[in-house]
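Residue-level structural notes
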Amino acid sequence: MTDQWWDERNGPRERVLTADLGDFRPETVTVTDVDGRAVLLLGGGSDDRLPIRTVDLETGSPLPDRALVHGRWSPGAIALGVCGDRTLLVSGTRQGSVRVRDARTGEPVGVEVRHERTGVSVAVASVDGEDLVAVAGSAWIKVWRLSDGAQLAGRGYKGVRFAAYDGRLLAVQAKPGGTRETRDVLTGKPFAPEFRVPDRMEWTLTTLGGRLLAVGTDGEATWAWDVPAGTTVPMPPLVLPEDLDETAHSIRGIQVTELDGDLATLVTWYSEDHGTGRDLLFDGGRVPLGPEPLGSVTALGGGLVAEAGFGNALSVRDAATGTPIESPYYGGEVGPPTGVAQRDGRTITALPGDPLMIWDVADGRPVTRLPIGVDPQCVALGDDVAAVLYPPEGEEPRLRLVDLATGRIRADVPLEPCPAVLLKPPVFLDRGVAVLGDGLALYDTTTGARLDASFAQGNTSVTVLAAGRLDGREVLAGGDGLGAVRIWDTATGSVLRTIECGGLGVAALAFGDHRGRTILATATATYGQLQAWDAATGTQLRAGVDLGRRIPAQTVTSLHVTRWQGKTVVLSAAEGWPPHMWIIAEAR
């Protein structure tokens, strides 16, 4: 037994993956070859990271996540900081991870830092030639070196706001009586006289012309304080929208940065109908940023505006123009990976969203984003095309075929009318792409034309599909809601075999090879049974595994048949369970 595959207590033919996958919840399982190594590709859900994990199949050891993009929950805080000739973006997740990336490329920088508590503000700065990251909680600060993750300081400060100034990382904390105290985070020594923020003002820290300023506004009056000098600034530098009184009910927050020698102000405000608005304002210019999405966080600095939100959403744009910075790391929400393909010598998968995130499996990071123009419900990858199913609002579902090399839309065609819930991920065949909705149909992958293919005997009840090869010909298996699986010849549409699995409904299917013969693994939905069958004869191979009696019940959502240490195994993903391995043949 390898280190990470543990003998499951239900018998020597079962293993479960014991590797630490964090909060990841597996939903799909695939095995692919990457540079001669079998890689287990898992799709699922995660609050902390993207919905994908990769594992070395032989050892069960997780492979590195080199994307370091947040998961379903938005970060608790983000910040931008200028470090040398780079602008860095730091995020602090609600699960206690601190991640930094080059804001203009999206590429991660340094190491990921983990701590045991949730921070409420973050900072990144360069001090004495070293890049540092800092996190502040309700009554504490911690600082780490970005290059190796070594903790350099930890202090008991409250109500902290960070500032990088004069080669120092500073923290301004609230003091009893309402004053603010500025200290050097690394040394803990006071840096400037205490000051007091006027009542009812939203305020922040910034630098302008070599000065460190505290600036604030209540929507009408503005205020500025030179922190090192300990004095007010005669001319408040804030630029506020002239029509603020017409649109805003109250100021929610401000951020200020130096832009081309002047100050740019990011104002977030509440409207009278309890909505939010955001404007980036500077002398002679205004960039509307629109409503603030629920739960999102925004940062301003280094000539950029960054925003992170729920569902992996991450974007950076130029502060002066509002132009988005293009990066494979930036975009909207994405879902679990859908299949694998070979492109330009890479093994890739796609994380569905708009744009699609194309993922290099070997490298553990995205390589490009592919706009598809719609919000997809299901996506599948072919050799050179992505099949996208989407339900337009109030219309019949449609199939969109997108060229993986160019992003060109090859075709966009209506499907048979059906509820969106019936749509299942498409399956690529030699003749085209099979689409399962209210019935089973085949479409040409170049033109989108529906092909003259009839899959006989009850295809309207099919709920799950899998493609494979049997005796040299391509076959398609479909499981229905009554526990039956039909195997069709894709060339003729004729039924070659019907297998009765029992249970109420087939949840997952997968073809594979067992000692030179094609087998079909099945998992039933209710009264769960994991079984393997000879696809040619319909004979069951050995006794199956009773999953329904386990606590919690092991309801399988995905299957894959492969080889592991000389054995034929069925890998499965199930809600509430780690990845599971069923050994159906011992090594010879």
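Residues numbered from 1 in each chain as written. Predicted model: local features only at pLDDT ≥ 70, side-chain atom pairs only at ≥ 80, totals over all residues. Heavy atoms only, no water.

1. Digging into the overall build of the protein
Definition in use: Strands here are runs of E lasting at least two residues and helices are runs of H or I lasting at least four, both read from the DSSP assignment and numbered beginning at the N terminus. Categorising residues by exposure relies on relative accessible area from a 1.4 Å probe, with only protein chains included: less than 20% of the type maximum marks a residue as buried, more than 50% marks it as exposed, and the intermediate range marks it as partly exposed. All accessibility values rest on the Shrake-Rupley procedure with a 1.4 Å probe; residue burial counts only the protein chains present in the view. Within this scheme the basic residues Lys and Arg register as positive and the acidic residues Asp and Glu register as negative, but His and the chain ends are omitted. All charge positions are set by atom: Lys at NZ, Arg at CZ, Asp at CG, Glu at CD.
The secondary structure content of the protein amounts to 1 helix and 50 strands. Oriented by its inertia axes, the alpha-carbon framework of the protein measures out at about 90 × 50 × 40 Å. Taken over 588 residues, the protein has a buried fraction of 56%. As displayed, the protein has an accessible area near 24700 Å², and 47% of this comes from carbon and sulfur atoms. The positive charge centre, built from 56 side chains, and the negative charge centre, built from 75, are 7 Å apart in the protein.

2. Here we look at the pattern of salt bridges
In plain terms, the rule: Within this document, salt bridges are pairs made up of a side-chain nitrogen of Lys or Arg and a carboxyl oxygen of Asp or Glu, the two lying within 4 Å of each other.
Using the criterion set out here, one finds 30 salt bridges in the structure. The closest approach of N and O atoms between R365 and D363, which form a salt bridge, is 3.1 Å. Notably, a salt bridge pairs D430 with R469, separated by 3.2 Å at the nearest N-O pair. Linking D430 in the loop between β37 (427–428) and β38 (433–437) with R469 in strand β40 (residues 462–470), this pair joins segments that are 39 residues apart in sequence. Residue classification places R469 among the partly exposed residues on the basis of a relative accessible area of 45%. Salt bridges here are not isolated pairs; linked through shared partners, they connect D48, R49, D65, R99, E112 and R114.

3. Notes on unusual backbone geometry
Omega for the bond connecting D354 with P355 falls within 30 degrees of zero, at 10°, which places this linkage in the cis form. Along the chain, P355 turns up in the loop between β30 (346–351) and β31 (356–360). At D128, a position not held by glycine, the phi torsion is positive, near 55°. Turning to its location among the elements, D128 is positioned in the loop between β10 (121–127) and β11 (130–136). D128 gets classed as exposed once you look at its relative accessible area, which sits at 74%. Located in the positive-phi region is R200, a residue other than glycine, with phi close to 65°. Note on placement: R200 falls in the loop between β17 (190–196) and β18 (202–208).

4. What to know about the nonpolar core
The line we're drawing: The definition of a nonpolar core used throughout is a set of buried Ala, Val, Leu, Ile, Met, Phe, Trp, Tyr and Cys residues joined through side-chain atoms within 4.5 Å.
Within the largest apolar cluster, 27 residues are counted, with the highest numbers of intra-cluster contacts made by L50, I78, L80, L89, V316 and W359. Mapped onto this core, the elements with two or more residues apiece are β4 (37–45), β6 (77–83), β26 (297–301), β27 (304–308), β28 (314–318) and β31. Ranked by the residues each element gives to this core, the list is headed by β27, at 3 residues. Core analysis: the second largest hydrophobic core is formed by 17 residues, L17, V29, L57 and W564 among them.

5. Re the sheet that holds strand β42 (residues 484–489)
What counts is decided by this rule: Between any two strands, pairing holds if DSSP finds at least two bridges. Interaxial angles span 0 to 180 degrees and are taken between N-to-C directions of axes, which are lines fitted to C-alpha atoms, for helices over the stretch in contact.
The sheet built from 4 strands is open, its strands ordered β40-β41-β42-β43 with antiparallel pairing. Edge positions in the sheet fall to β40 and β43 (495–500), since each has one partner strand and no second. Averaged over neighbouring strand pairs, the angle between their axes works out to 20° when direction is ignored.

6. Thoughts on the packing of aromatic side chains
Short version of the rule: Each pair of aromatic rings taken from Phe, Tyr and Trp, with Trp reduced to its six-membered ring, is defined by centres within 6.5 Å and is described as stacked if the planes are under 30 degrees apart, edge-to-face if over 60, and tilted in the remaining cases. Placement of a positive charge over a ring is assigned whenever Lys NZ or Arg CZ falls within 6 Å of the ring centre and within 35 degrees of the normal to the ring plane.
The final tally for this structure, using the stated rule, is 5 aromatic pairs. Aromatic side chains W73 and F310 sit 5.3 Å apart centroid to centroid with 65° between the ring planes, which places their arrangement in the edge-to-face category. With W73 in the loop between β5 (52–56) and β6 and F310 in the loop between β27 and β28, this pair connects stretches of sequence that are 237 residues apart. Relative to F191, the ring of Y165 has its centre 6.0 Å away and its plane inclined at 80°; by these criteria the two rings are edge-to-face. Separated by 26 residues along the polypeptide, Y165 in strand β14 (residues 161–165) and F191 in strand β17 bring together distant segments of the chain. Three or more aromatic residues link up through ring pairs in this structure, and these residues are F195, W203, W223 and W225. The lysine or arginine in question, K142, covers the ring of W140, its NZ or CZ lying 6.0 Å from the ring centre. Directly above the aromatic system of W203 lies the positively charged group of R161, at a separation of 4.3 Å from the ring centroid.

7. Describing a negative patch on the surface
To keep it simple, the criterion reads: Excluding any residue in a salt bridge, patches collect residues exceeding 30% relative accessible area, merging like charges within 9 Å and nonpolar Val, Leu, Ile, Met, Phe, Trp and Tyr side chains within 5 Å.
Together, E258, D260, D262 and D283 make up a region of like negative charge exposed at the surface. Tracing the sequence through the fold places D262 in strand β23 (residues 262–270). When its relative accessible area of 40% is taken as the criterion, D262 is described as partly exposed.

8. A look at the side chain of T522
Spelled out, the test is: N or O atoms within 3.5 Å of each other form a polar contact, as long as, within protein, one can give a hydrogen and the other can take it, and as long as residues adjacent in sequence are counted only when both atoms are side-chain atoms. Throughout, a contact is declared for two residues whenever any of their heavy atoms are within 4.5 Å.
With respect to the helices, strands and loops of the structure, T522 is situated in strand β45 (residues 517–524). One polar contact links T522 to W533, side chain to side chain, over a distance of 3.0 Å. Sequence-distant contacts of T522, that is, excluding residues within four places in its chain, are made with V485, C501, A508, L509, Q529, L530, Q531, W533 and L559.

9. Observations regarding the pairing of strand β20 (residues 222–226)
Residues in a regular strand point their side chains to alternate faces of the sheet. Of all 5 residues that make up β20, 4 are buried, and the element is covered over most of its length. Pairing of strand β19 (residues 211–217) with β20, which is carried by 5 bridges, proceeds in the antiparallel orientation. Paired with T217 across the strands is T222, a residue of β20. In textbook terms, the turn of a hairpin is the stretch between consecutive antiparallel strands, and for β19 and β20 this stretch comprises 4 residues, one of which, G219, has a positive phi near 100°. Both β20 and strand β21 (residues 231–232) contribute to a ladder of 2 bridges, which runs antiparallel. By the bridge assignment for β21, D226 is matched with T231. Linking two consecutive strands that pair antiparallel, namely β20 and β21, is a turn of 4 residues; a positive phi of about 70° is found at G230 within it.

10. Side note on the sheet that holds strand β32 (residues 365–370)
A sheet is described by the order of its strands in space; here 4 strands give the open sequence β29-β30-β31-β32, paired in antiparallel fashion. Single-partner strands in this sheet number two, and they are β29 (340–343) and β32. With strand direction ignored, the average angle separating the axes of adjacent strands in the sheet is 35°. As paired strands, β29 and β30 are joined by 4 bridges and run antiparallel to one another. Along β30, the bridge assignment pairs A341 with I348.

11. Focus: the environment of A174
Here A174 lies in strand β15 (residues 168–174). Under the relative-accessibility criterion, A174 is labelled partly exposed at 31%. Excluding its chain neighbours within four sequence positions, the residues that come into contact with A174 are K158, G159, T179 and R180.

12. Looking at a nonpolar patch on the surface
Taken together, W73, L294 and F310 make up a surface patch of nonpolar side chains, about 330 Å² in accessible area. By relative accessible area, which is 33% here, F310 ends up partly exposed.

In short, shape yes, function no, at least from these values alone.
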